[in-house]
Amino acid sequence: MFKEFFSMLKETIIEQFKNRLFYVTLFFIVLFGILIYRLFDLQIVNGAKYQSNFTYKSQKTVSVEATRGNIYDCNGNLIAYNETSYNVNYESDADLTEAADKMGITTNELRNDIVYKTILILEQNGDKLSVDFPIRINKNKEMEFTASGAALKTFLINAYGVSSYDMLDEKQAKSSAKDVFDYMRSDELFNISTDYSDEYALKIMSVRYKIWLNRFQQYMNVVVAADVSKESYAAIMENSSELIGMTVEVNSLRVYNNAKYYSHIIGYIGNISNEELEKYNSNLKENEKYTANDKVGKLGLEMEYESYLRGTDGSSKMYVDNMGKVIEVIDSTESKAGNDIYLTIDTELQKFCYDALERELSNIILSHMVNMNSSNDYEDITIVEIYNALFDNNIISISEMNDESATDNEKNVYSTFINSKKATLTQLDSILNESHTPLYQLSKEYQDYMEFICEQLSSRGVYDSSMLDKENDSVYKSYIANEISLYEFLKHSISKGAINIESISTKSDYYDTDEIYEVVTAYILEEFEKDTSFDKHIFKYMLLSGEITGEQVINLLFDQGVLNVATDEDYDAFKTGVISNYEFIYRKIKNLEITPAMLALDPCSGSVVVTDPATGDVKALVVYPGYDNNRLTNEIDEEYYKKVTEDLTTPMYNRATMQRTAPGSTFKPLSTIAGLSENVISLDTVIKTTGVFDKVNPSPHCWIYPGAHGTIGIASAIENSCNYFYFEVGYRLATDENGAYNDKLGTDKLAKYAALFGLDSTSGIELPELEPRISDNDAVRSAIGQAKNSYTPVQLSKYVTTIANEGTCYDLSIIDNIKDVDGKIIKSGDNKIHSKVELSDSEWKVVKQGMRQVVSNHTASTALINQINVNVAGKTGTAQEDETRPDHGLFISFAPYESPEVSVTCVIPYGYSSGNAEELAGMVYAYMYDPEALSTIEITGNNEVSD
């Protein structure tokens, strides 16, 4: 550069020598040279730092991740902890020039070869890449995008190297997955040789793409594969001279013991989102802030106690060049481990309660299972419903039947399905566009399809029923009554503005209902070609019609690995016809080889909450079904996440804290206490019950009607769960001093005592929870736990815990204490008292006596709960919230009756009877007080209790 400068200076001097401006020109040239020299000498240009060889330097700070705190149960058993893991990283600043030159290839070719060899090592050891690339090869061997909308636009922007979507040309913007694949494979970008198969080229491309996205921050390594095996670690290290840039980093991996038992309590961690980054950093000091590479709690205690568990990251300050390559480390700070959380939960009790709940659900299903194709009784679970559930909840995969590796049985079933689907679509086309058949003339199958069409149009925003006047619209009423066709109904809905086709058609000049109707029907038929929920409807009717048989379904379970031929004890008996298809399925459910969670039929879920009445500490907080949070933490298993989120049982839903149900008759002890405290009944009160309560209109009935319980007092009313008795209590609470009935007066009084038992707020448990709902209408029905009363299992547990200890209402807690890395307690469980319920000893006695009699007198003497070495007091509750589904079953309880040490609350949504919840509680008490009884008493799942 300086040689060129002085050459130019020489020529200028010669040229200007004859010119009288020579000295002026010379002055400015020399001055300019001096200025340039000083700038480089000072190594400062525009505020950036340069060396004398013009190397750009900027300062970067890299976070050093802190070790996350552990979580322990009440006995010091590890629940959540960190384990050493190995991540395969690519160093973005790796210089391949010298190696490539020696090999006579380009750096692009060498980098592809390094990635390919790394992939082979990983695959040989059962490991896989941890890269997210939005192109895949589908089962038809075609390239397709896995992203859509904004995500796809972002990918195209990155792939074509432009700064915004508007800068893409028309061809780029309309690129197919194959177009993008070919472009990125070409020498215009990654130059991936055609010697590689498309499958491996795609894998190489996915890694290259991730590296390429990191090109402007090369001081940051790129994770190619997370949590690889020791074998892959050893192989990559052994071949490090060939795999230039590939390194193995020792990391901390979050691990959960007893995952399914604790998943709703613990949750999991994952990559921080932009929203979380903004939320967390808004209140943090600069040196405490999260970075885009951090992981945070996503659910459960991992999320709720993120600030305690996280710890404090360290940092490393460094200078990097203009490509992000590290030049010099100038400062570093060590990280500080997070705090440890100790729970009140007992792991062994937690596990037993979960397993007992699953067993009870299984037994309920078996007790209602019938060897019939169909039944009009919603309490029956037919064998065809069982078969259909396996398809409906994706236990049997429809798409796998069309794989190249599919068995003959799978291919036969799939062929039958394709033919049936084709015929069904043809018939639907005819009904919608030709015959316009009224619903009442259609078969039950096609009536269901008409309803399904409306549901799909509604879910996709095409049909909005709120635009119709359901009270006065005669066409709507005729359709609901099956008197007209879907054709007539949709045409009517179009005329009323209830159909909006903006989301399904780009054309905007439709003028009449006929044109719009054609768009809607064409859309539906086209969507049904690829809609998986429609496919499941096809299978339902194939099963009902016998087009596919139970034998074929059972064989599919073996074909797809749900059951194992080699280990199944009943396989030979099934294949030889020794046992029927029905008996085979019965045995699989009984042995939990097919679980309630897999079937997703009623009932398939439930909750158990066990507390210590003396403190409000929670000893077990169980939700069924659980999920494997190990497969969602650290790096999400996308396939498993899809399975869990599509599961009809919603396994990530914490029913113990988030599912409200009517309390039913479990509310009656509270109504008793309200009546005693407000002096509308006394210990000596007896009420003549007649079965129907005619003091209000409409008149509610007791469950025993047309019978009656006769004249009874408090303890007997609780024992027999007499609705009439509590209708009268509710009525008296609502009667003012002038003898007039005032509904609000009654509900206000009931609400007052509900609040004293903690039902006016969340339970105190350190997890997200729905607010309780205290009834504010119909005092008479509210007194038996109906009307608007609605509570979660943990809220009912708080209530019964207060009864057990006779009046101290604790906020429940699952956290005992939190300790720092040195073992010092920095936070203890508060055992905060929410409120006090003041009653006389004799009043507490009569309430608890009635609850004892529920178990000792109103429950069969042969029931497990009456065969164990402890006296249990409790209250059953049945709540109906859907006339087409079974009732909810609830049971609140405590033991020993004489001096309570523990309370157990069981809630089984759609569990048919509260007796089943009581049977479940009996198993829990047997485990704690009389384990031997568990092996001697049969668990039936068919326990009818009237309440």
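Cut-offs and rules
- Residues numbered from 1 in each chain as written.
- Predicted model: local features only at pLDDT ≥ 70, side-chain atom pairs only at ≥ 80, totals over all residues.
- Heavy atoms only, no water.
- Axes fitted to C-alpha atoms, helices over the stretch in contact; angles between N-to-C directions.
- Helix = DSSP H or I, 4+ residues; strand = E, 2+ residues; numbered from the N terminus.
- Parallel < 35°, antiparallel > 145°, perpendicular 65-115°, else oblique.
- Contact = heavy atoms within 4.5 Å.
- Nonpolar A, V, L, I, M, F, W, Y, C, P; charged D, E, K, R; others polar.
- Expected span 1.5 Å × (residues − 1).
- Buried < 20%, exposed > 50% of the residue type's maximum accessible area, 1.4 Å probe, protein only.
- Pairing = 2+ DSSP bridges.
- Phe/Tyr/Trp six-rings, centres within 6.5 Å; stacked < 30°, edge-to-face > 60°.
- Lys NZ or Arg CZ within 6 Å of the ring centre and 35° of its normal.
- Core = buried A, V, L, I, M, F, W, Y, C linked by side-chain atoms within 4.5 Å.
- Left-handed = near helix turned anticlockwise from the far one by under 90°.
- Salt bridge = Lys/Arg side-chain N within 4 Å of Asp/Glu carboxyl O.

A word on the packing of helix 4 (residues 107–124) against helix 8 (residues 198–213). The interhelical angle for the contact between helix 4 and helix 8, taken along N-to-C directions, is 110°, at an axis separation of 9 Å. In terms of orientation, helix 4 and helix 8 fall into the roughly perpendicular class. Where helix 4 abuts helix 8, its residues Asn108, Arg111, Asn112, Val115, Tyr116, Ile119, Leu120 and Glu123 lie against Tyr200, Lys203, Ile204, Val207 and Arg208. A breakdown of the residues in the contact of helix 4 with helix 8 according to their chemical character gives seven nonpolar, two polar and four charged.

With that out of the way, let us pick up helix 34 (residues 841–856). In this model helix 34 runs 22 Å from its N-terminal to its C-terminal C-alpha over 16 residues, within 8% of the 22 Å that 1.5 Å per residue would give. Every buried residue of helix 34 is accounted for by Glu843, Trp844, Val846, Val847, Lys848, Gly850, Met851, Arg852, Gln853, Val854 and Val855. On its buried face, helix 34 sits against helix 28 (668–677), helix 29 (714–720), helix 33 (793–804), strand 25 (873–879), strand 26 (888–895) and helix 35 (914–929).

To continue, consider helix 22 (residues 550–559). Burial analysis of helix 22 places eight of its 10 residues in the buried class, the great majority of the element. Of the residues making up helix 22, those classed as buried are Gly550, Gln552, Val553, Ile554, Asn555, Leu556, Leu557 and Phe558. At its buried positions, helix 22 is contacted by helix 15 (383–392), helix 16 (408–435), helix 21 (532–545), helix 23 (571–575) and helix 24 (581–590). Phi turns positive one or two residues past the end of helix 22, at Gly561, with a value near 80°.

Strand order in this open sheet of five strands is 18-17-27-26-25, and the pairing throughout is antiparallel. For this open sheet the edge positions go to strand 18 (617–624) and strand 25, each flanked by a neighbour on one side alone. The sheet shows a mean angle of 10° between the axes of neighbouring strands, taken without regard to direction. Set on the sheet, helix 33 makes contact with strand 17 (606–612), strand 18, strand 26 and strand 27 (902–908); between it and strand 27 the angle comes to about 150°.

So, about unusual backbone geometry. A cis geometry characterises the amide bond from Asp602 onward to Pro603, with omega recorded as -5°. Mapped onto the fold, Pro603 is located in the loop between helix 25 (596–599) and strand 17. In this model, Ala895 is joined to Pro896 through a cis peptide bond whose omega is -15°. Residue placement: Pro896 occurs in the loop between strand 26 and strand 27. Phi at Lys141 is positive, roughly 65°, even though this residue is not glycine. In this fold, Lys141 is placed in the loop between strand 6 (135–137) and strand 7 (143–145). Even without glycine at this site, Ala600 takes up a positive phi of about 55°.

Within the structure shown, the criterion is met by 40 aromatic pairs. An aromatic cluster is present here, built from Tyr446, Tyr449, Phe452, Phe528, Phe534 and Tyr541 joined pairwise through their rings. Just above the ring of Tyr290 sits the side chain of Arg310; from NZ or CZ to the centre is 3.6 Å. Of note, Arg885 hangs over the ring of Tyr910, and the distance from its end group to the ring centre comes to 3.6 Å.

Another aspect to go through is the nonpolar core. The biggest cluster of nonpolar side chains holds 147 residues, and the ones touching the most others in it are Leu343, Met450, Ile585 and Leu621. Broken down by element, the residue count for this core peaks at 10 residues, all from helix 14 (residues 347–368). Sequence-distant contacts of Met450, that is, excluding residues within four places in its chain, are made with Leu428, Ile431, Leu432, Leu439, Leu442, Tyr479 and Leu486. Ranked by size, the runner-up nonpolar core spans 52 residues in total, among them Cys722, Val729, Ile803 and Ala804.

So, on to the packing of helix 19 (residues 486–495) against helix 20 (residues 513–528). Direction vectors running N to C along helix 19 and helix 20 enclose 120°, while the axes themselves pass 10 Å from each other. One way to sum up the angle between helix 19 and helix 20 is to call them oblique. The handedness of the crossing between helix 19 and helix 20 is right-handed. Residues Tyr487, Leu490, Lys491, Ile494 and Ser495 of helix 19 lie in contact with helix 20, whose contacting residues are Thr513, Asp514, Ile516 and Tyr517. Its residues assigned to classes, the contact of helix 19 with helix 20 shows five nonpolar, two polar and two charged.

Before going further, it helps to examine the pattern of salt bridges. Taken as a whole and judged by the stated rule, the model has 37 salt bridges. With a closest N to O distance of 3.3 Å, Glu242 and Lys117 form a salt bridge. Here the residue Glu242 occupies a position in the loop between helix 9 (230–238) and strand 9 (246–256), and Lys117 occupies one in helix 4, the gap between them amounting to 125 residues. On the basis of relative accessible area, Lys117 is assigned to the partly exposed category, the value being 30%. A salt bridge links Asp448 to Lys540, with the nearest nitrogen and oxygen atoms 4.0 Å apart. Taken together, the positions of Asp448 in helix 17 (residues 444–459) and Lys540 in helix 21 put the pair 92 residues apart, joining distant regions of the chain. Taking the relative accessible area as the measure of exposure, Asp448 reaches 14% and is therefore buried.

Just distances and angles here, no functional claims.
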